[in-house]
Structures are given as C-alpha cells and as structure tokens.
Amino acid sequence: MSEPPNSETAEINELRQKVLSFPNNSFFRFSYAQLLAKKNHAEEAIQQLSLCLKVRDDWMMAALLKAKLEISLERNEDAELSLIKTIELAKAQDHQDPLDEASDLLELLKGS
C-alpha cells in the first residue's frame, strides 16, 4: 500500500489540479507558482510564472518572483532580464516597494 500524501504534496496537488482543470485561469497558475516557490520547487515555479507572463506581460509581481527564483538557481542573465522588466513595470504602474526591491536585487546581482 502506498503512504498517504503529506500535507505539502496534497497542497501542491490540489493547486495543480485547479491549474489543470482551469488552464486559462492565470490566478490559479500564479498561486500555484507561489506555492511551488515556497516549497522550493523553483524550476516548476519559473515555468508557471513564464506562462503567466505570456498571458499578462504587465504582471509585475510574477516578473519579480520569477527573478528571485532565477537568482536562487544562479541564472543571473535570466534574473537580470526579469529584474529589468520588473523595474519597468513598477515605474509604469507607480509601485515604489517592488521598484526598490527589484533595483536593489539588480544592483546586488551586477555586483556579484
């Protein structure tokens, strides 16, 4: 007999099922990516965030989370592009906190 799934697996599977059931719902997909990021599934989270950004290329928080995950995987060139996009979006949308965070991360990234 197989063991019952742990709560982490169950939580991921529940959101994955929502994404599969409603593939055009970007909010489910973003929530799924956030959970994957939280549970250290960076690669799959980046894939989901990329899909979110294909649908809505002005999604600043998706771009910022993607950049952070790329940094965690040491994909510095990809992270730099994501951070530049985040900075552009934050300026256009007048969001100071994400602008500051993305600018600081970009500065750190370029310094490494």
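Attention in this report is confined to the structure presented alongside it. (Residues numbered from 1 in each chain as written. Predicted model: local features only at pLDDT ≥ 70, side-chain atom pairs only at ≥ 80, totals over all residues. Heavy atoms only, no water.)

### Focus on the nonpolar core
Within the largest apolar cluster, 20 residues are counted, with the highest numbers of intra-cluster contacts made by Phe 30, Tyr 32, Leu 49, Trp 59, Ala 62 and Leu 69. Counting only elements with at least two residues in this core, the list comes to α1 (7–21), α2 (26–38), α3 (42–55) and α4 (60–72). The residues contacting Leu 69, other than those within four sequence positions of it, are Ala 37, Ala 42, Ala 45, Ile 46 and Leu 49. Of all hydrophobic cores here, the second largest spans twelve residues; its members include Ala 67, Leu 89, Ala 90 and Leu 109. (Core = buried A, V, L, I, M, F, W, Y, C linked by side-chain atoms within 4.5 Å. Buried < 20%, exposed > 50% of the residue type's maximum accessible area, 1.4 Å probe, protein only. Helix = DSSP H or I, 4+ residues; strand = E, 2+ residues; numbered from the N terminus. Contact = heavy atoms within 4.5 Å.)

### A few points about the environment of Lys 39
Note on placement: Lys 39 falls in the loop between α2 and α3. The spacing of Lys 39 and Ile 12 is 27 residues in sequence and 8.8 Å in space, taken between C-alpha atoms. Filtering out sequence-adjacent residues up to four positions away, Lys 39 remains in contact with Glu 8, Glu 11 and Ile 12.

### Description of the packing of α1 against α2
Geometry of a packed helix pair, given as the angle between the helix axes and the separation of the axes. Where α1 meets α2, the axes come as close as 9 Å, and the angle between the chain directions of the two elements is 155°. As the angle between them shows, α1 and α2 are arranged roughly antiparallel. For the element pair α1 and α2, the recorded crossing hand is left-handed. Facing Glu 11, Ile 12, Leu 15, Arg 16, Lys 18 and Val 19 of α1, the residues of α2 in contact are Phe 28, Arg 29, Ser 31, Tyr 32, Leu 35 and Leu 36. (Axes fitted to C-alpha atoms, helices over the stretch in contact; angles between N-to-C directions. Parallel < 35°, antiparallel > 145°, perpendicular 65-115°, else oblique. Left-handed = near helix turned anticlockwise from the far one by under 90°.)

### Here we look at a negative patch on the surface
The grouping of Asp 97, Asp 100, Asp 104 and Glu 107 at the surface amounts to a negative patch. As for its position among the elements, Asp 100 is in helix α6 (residues 96–111). For Asp 100, a relative accessible area of 34% puts it in the partly exposed group. (Patch = residues over 30% accessible without salt bridge, like charges linked within 9 Å, V, L, I, M, F, W, Y side chains within 5 Å. Areas by Shrake-Rupley, 256 points an atom, 1.4 Å probe, with all protein chains shown as cover. Salt bridge = Lys/Arg side-chain N within 4 Å of Asp/Glu carboxyl O. Lys, Arg positive; Asp, Glu negative; His and termini not counted. Charge placed at Lys NZ, Arg CZ, Asp CG, Glu CD.)

### Comments concerning the pattern of salt bridges
One pass over the full model with this rule turns up seven salt bridges. With its nearest N and O atoms 3.6 Å apart, the salt bridge here joins Glu 44 to Arg 16. Within this pair, whereas Glu 44 is found in helix α3, its partner Arg 16 is found in helix α1, the two being separated by 28 residues in sequence. Judged by relative accessible area, Arg 16 falls into the partly exposed class, the value being 29%. In this structure, Lys 68 engages Glu 101 in a salt bridge whose closest nitrogen and oxygen atoms are separated by 2.6 Å. Of this pair, Lys 68 sits in helix α4 while Glu 101 sits in helix α6; the two residues are 33 residues apart in sequence, bridging distant segments of the chain. Looking at Lys 68, the relative accessible area reads 35%, which means it is partly exposed.

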